[in-house]
Amino acid sequence: MDVALVEWSQKLEFGLPMIDSQHKQLFDLAATFAGNGDQIRVMKTLVMLCDYVKVHFRAEEEMLAALNYPDLDAHKLLHAEFRGMLLKLLDSARQLTLDEIANEVQYLIYGWFSNHILQVDVAYVSWMRSQSLQNQD
Ligand SMILES: [Fe+2]
Ligand SMILES: [Fe+2]
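Residues numbered from 1 in each chain as written. Chains lettered and ligands numbered in written order. Predicted model: local features only at pLDDT ≥ 70, side-chain atom pairs only at ≥ 80, totals over all residues. Heavy atoms only, no water.

### Some words on empty space enclosed by the protein
Part 1 of the reasoning: Per the stated rule, a full pass over the model turns up one cavity of 30 Å³ or more.
Part 2 of the reasoning: Space inside the largest cavity adds up to approximately 40 Å³.
Part 3 of the reasoning: Along its surface, the largest cavity is lined by Phe33, Gly35, Asn36, Gly37, Val42, Leu98, Ile101 and Ala102.
Part 4 of the reasoning: When residues of the lining of the largest cavity are assigned to their parent elements, the largest contribution, three residues, is made by helix H4 (residues 98-136).
Part 5 of the reasoning: Here the lining of the largest cavity is composed, by residue class, of five nonpolar, three polar and no charged. (1 Å grid on protein atoms, 1.4 Å probe; cavity = no way out; pocket = protein on both sides within 12 Å on 5 of 7 lines; lining within 4 Å. Points joined across faces, edges and corners; volume = space filled by probe spheres on them. Helix = DSSP H or I, 4+ residues; strand = E, 2+ residues; numbered from the N terminus. Nonpolar A, V, L, I, M, F, W, Y, C, P; charged D, E, K, R; others polar.)

This is the structure in structure tokens:
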């Protein structure tokens, strides 16, 4: 599947400190896969990445649930899909070379995840802004 690869930049920031820092943290973790490493360190980082994705998705979903975000169910399905892809990678990682793992992580974070921020997370940010404008009336 062809997905545009997007590295971290301010373009991905929403001005929501918790969300922005969690998003950035995932790009920072992904960046550590490039270059040399040893199998054990790469596997540990992969586990950290999976854990931190879970932390972020949970925080985002709790925030949106508290706001009664109308598209939360669809958003949760996408998070679950991504978690499935990551867990599949974690499962198969022992049969992969470090370069193959790095490529997969790059696709998942710079590809899928950055596209999710730019196309899906962005929708709740617009919705939150429209809500706060309405509340000012
Ligand atoms: Fe999300
Ligand atoms: Fe997010």
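### Observations concerning the packing of helix H2 (residues 39-66) against helix H3 (residues 72-92)
Packed helix pairs are characterised by how far apart their axes lie and by the angle those axes make with each other.
Part 1 of the reasoning: Relative to each other, H2 and H3 sit at 175°, their axes nearing to 11 Å. Taken together, the axis directions place H2 and H3 in an arrangement best described as roughly antiparallel. The residues of H3 that touch H2, namely those facing Met43, Leu46, Val47, Leu49, Cys50, Val53, Lys54, Phe57, Glu60, Glu61, Leu64 and Ala65, are Leu72, His75, Lys76, His79, Phe82, Arg83, Leu86, Leu89 and Leu90.
Part 2 of the reasoning: Of the residues assigned to the contact of H2 with H3, the class counts are 14 nonpolar, two polar and five charged. (Axes fitted to C-alpha atoms, helices over the stretch in contact; angles between N-to-C directions. Parallel < 35°, antiparallel > 145°, perpendicular 65-115°, else oblique. Contact = heavy atoms within 4.5 Å.)

### Remarks on the UniProt feature "domain: Hemerythrin-like" (unreviewed entry) in the protein chain
Part 1 of the reasoning: Following the UniProt record, one finds the feature "domain: Hemerythrin-like" (unreviewed entry) at residues 17-121.
Part 2 of the reasoning: Secondary structure across residues 17-121 comprises 84% helix and 0% strand; the distance between its end C-alpha atoms is 14 Å. (UniProt positions renumbered as here; feature names shortened; annotations may be inferred.)

### Observations regarding the coordination of the iron ion (ligand 2)
Part 1 of the reasoning: Coordination sphere of the iron ion (ligand 2), protein contribution only: His23 (NE2), His56 (NE2), Glu60 (OE) and Asp121 (OD), at 2.1 to 2.3 Å.
Part 2 of the reasoning: Spacing between the donor residues of the iron ion (ligand 2) along their common chain follows H-x32-H-x3-E-x60-D.
Part 3 of the reasoning: Here the iron ion (ligand 1) and the iron ion (ligand 2) are spaced 3.5 Å from one another, each receiving a donor from Glu60. Within this pair, whereas His23 is found in helix H1 (residues 17-31), its partner Asp121 is found in helix H4, the two being separated by 98 residues in sequence. Accessibility classification places His23 together with Asp121 in one group, the buried group. (Donors = N, O, S within 2.8 Å, 3.2 Å for Na, K, Ca; no water. Buried < 20%, exposed > 50% of the residue type's maximum accessible area, 1.4 Å probe, protein only.)

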